[in-house]
Amino acid sequence: MFARSSDNSNVRLKSKDCVDRVLQPLVDHIDIKINGSLSSRDLYQTVLNMAANKNSIHSVSKRYHNARSETSIWHHLNKLDMDELIQTNEQILTQDCIKSLKPSKKYEFAIDYTNDPYYGKIDSSNNKYVIRGQTKKSTNSFYSYVSLYIITKNERFTVSVLPVEKGATMVEHLRYFIDLIKKLNFGIKVLCLDRGFYSIDTFEFLKGHNIPYIVPVVKKGKHMKQLLNGNKARSTSYTMKNARKQIDLNIIIDVKYMKGKRGKNGCENLGFVVFGVDWNPRKISTVYRRRFAIESSYRMRNIVKPRTSSKNATIRYFYALIAFLLKNIWLHLQKKHFTIVKQGPQVIDEDRFRFDMFILLVEDWTRKKLKIRSIVDCLK
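Presented here is an overview of the structure given in this document. Everything quoted here is computed from the prediction, not taken from an experiment. (Residues numbered from 1 in each chain as written. Predicted model: local features only at pLDDT ≥ 70, side-chain atom pairs only at ≥ 80, totals over all residues. Heavy atoms only, no water.)

## A closer look at the nonpolar core
Operational definition: In these notes, a set of buried Ala, Val, Leu, Ile, Met, Phe, Trp, Tyr and Cys residues joined through side-chain atoms within 4.5 Å is what counts as a nonpolar core. For each residue, the accessible area found with a 1.4 Å probe, counting protein chains only, is set against the maximum for its type, and the residue is called buried under 20%, exposed over 50%, and partly exposed in between. In DSSP terms, a helix is any run of H or I states spanning at least four residues, a strand is any run of E spanning at least two, and both are numbered starting from the N terminus. Two residues form a contact once any of their heavy atoms are found within 4.5 Å.
Membership of the largest hydrophobic core comes to 123 residues, with the highest contact counts inside it found for Leu77, Phe109, Leu191, Phe318 and Phe358. Sorting elements by how many residues they give to this core places helix H11 (residues 313–337) first, with 16 residues. The residues touching Leu191, leaving out its near neighbours within four places in the chain, are Phe109, Ala110, Ile111, Leu174, Leu206, Ile211, Pro212, Tyr213 and Ile214.

Right under this line is the structure:
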């Protein structure tokens, strides 16, 4: 199976090309010692099949002739080391896509959290990684991940993903990601954060490190509600206080007319805490809206997340990296092979190579390598 490239009608992107792109960063940066005929590449190939089909270890071992036994797969995945995965996560995720990014260029970044519901037991082995939160999908226990994402058009890669540990603060995650951006020699045009980062500690930290940012305001308190009542775009100041300290903030307010959208009419005031960029209110809200590309990234990740009920935080984190890596490789291949050759701004023909086509290519190759069992075999 293949996809025909739009930059050259004679170039065909084959299933093996897609799989090799995903496997190479895993082989290069994750060291699992395996004796015998099984190699780490074989193991990762099995996990890719699980991702493409949303299978579990139990399902894949029963479905394919060449898949190792469930016991064998678990044995080798249990050798994964959490510290090693954390130390190499950005290298795994960006090994290919970083080649299309320009050193010293300033990019628009977003940082966000995503939660995976957890229904199992909590004990000393996973206690520090199970985060309590608002009930969702019939549980209030989650494995949580925080990610750094480039939201600049045509460069929407996930740069880094970390497992959230109990007690870790948002400022700690901000510090890690900002240090990483500097290490990768990128500049920060602006950092877009969601309302969860709306705090004095966050604003103090970012301002102290001279990081440009946009954060939507939290509409609490009489004064803030008054500020967000008007029919013209504007800027104003606001003093944010808590029991220990306060900080003066610059608030930019964009005004949009609803015109019946979401069943509403009249003006909608969109307020943002802004630092380090001198943009008009409409540009502030337009740039911030790009942050929602990260939500699309999470939806794609959920499409290719291997199924598991394991309480092993390391294996769950490994599965998360696999899912984000698949999305990054797809974007890299899309940009490399499906950019329309023409004058002017870069345009990618996204419909020629959609995510579902990419996953179908991955599934096709891994299915052939593992050799699917017949119905009779599966019933044995």
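## Concerning the packing of aromatic side chains
Applicable threshold: Centres within 6.5 Å make a pair out of two Phe, Tyr or Trp rings, where for Trp the six-membered ring is used; the pair is then stacked when the planes are under 30 degrees apart, edge-to-face when over 60, and tilted otherwise. Cation placement over rings: the criterion is NZ of Lys or CZ of Arg within 6 Å of the ring centroid and within 35° of the ring normal.
Across all of its chains, the model carries 18 aromatic pairs by this definition. Ring plane angle 85° and centroid distance 5.7 Å describe the contact between Tyr198 and Phe203, whose orientation is recorded as edge-to-face. When sorted by exposure, Tyr198 lands in the same class as Phe203, which is buried. Linked through ring pairs, Trp330, Phe338, Phe353, Phe355 and Phe358 together constitute an aromatic cluster. A cation over a ring is seen here: Arg291 above Phe292, with NZ or CZ 5.5 Å from the ring centre.

## Considering the pattern of salt bridges
Stated precisely, the cut-off is as follows: The term salt bridge refers to a pairing of a side-chain nitrogen on Lys or Arg with a carboxyl oxygen on Asp or Glu at a separation within 4 Å.
Tallied over the full model, the rule gives 22 salt bridges. A salt bridge links Arg282 to Asp254; the shortest N-O distance between them is 2.9 Å. On the criterion of sequence distance, the pair formed by Arg282 in helix H9 (residues 281–289) and Asp254 in strand E10 (residues 246–257) is long-range, its members being 28 residues apart. One continuous salt-bridge network, built from bridges that share partners, spans Asp201, Glu204, Arg244 and Lys245.

## Side note on the packing of helix H2 (residues 40–53) against helix H12 (residues 355–370)
The description of two helices packed together rests on the angle between their axes and the distance between the axes. Our working rule: To define axes, lines are fitted to C-alpha atoms, for helices over the stretch in contact only, and angles between the resulting N-to-C directions are given on a 0 to 180 degree scale. Oblique is the label for every angle not falling under 35 degrees (roughly parallel), over 145 degrees (roughly antiparallel), or within 65 to 115 degrees (roughly perpendicular). Left-handed is the label given to a crossing in which the near helix is rotated counterclockwise from the far helix by less than a right angle, and right-handed is the label when the rotation is clockwise.
Relative to each other, H2 and H12 sit at 130°, their axes nearing to 9 Å. With respect to H12, the axis of H2 lies oblique. In this structure, H2 meets H12 at a crossing whose hand is left-handed. Counted together, Gln45, Thr46, Leu48, Asn49, Ala52 and Asn53 of H2 and Ile359, Val362, Glu363, Trp365, Thr366, Arg367, Lys369 and Leu370 of H12 form the full contact between these two elements.

## Observations concerning the environment of Val27
Structurally, Val27 can be placed in helix H1 (residues 15–29). In sequence terms Val27 and Arg41 are 14 residues apart; their C-alpha atoms lie 6.3 Å from each other. Leaving out residues up to four positions away in the same chain, Val27 has contacts with Arg41 and Tyr44.

## Some remarks on helix H4 (residues 70–77)
What counts is decided by this rule: The directions from the helix axis to the C-beta atoms are what the arc is built from.
Three or more residues of H4 are buried, namely Ile73, His76 and Leu77. One face of H4 carries all of its buried residues, which in axial projection span an arc of 100°. Of the surrounding elements, those touching the buried residues of H4 are H2, helix H3 (57–63) and H11.

## Points about the pairing of strand E5 (residues 139–150)
The cut-off we apply is this: Strands qualify as paired when DSSP identifies two bridges or more between them.
Counting buried positions along E5 gives 11 out of 12 residues, so the element sits mostly inside the fold. Bridging between strand E3 (residues 106–117) and E5 involves 9 bridges; their strand directions are antiparallel. When the sheet's bridge partners are listed, Asp112 is paired in E5 with Ser147. Pairing of strand E4 (residues 130–136) with E5, which is carried by 4 bridges, proceeds in the antiparallel orientation.

## A look at helix H10 (residues 293–303)
Looking at H10, one finds that the buried residues are Ala293, Ile294, Ser297, Tyr298, Met300 and Arg301. One face of H10 carries all of its buried residues, which in axial projection span an arc of 160°. Contact partners of the buried residues in H10: E3, E5, strand E6 (158–163), H11 and H12.

Geometric descriptors of this kind do not, in isolation, establish any biological role.
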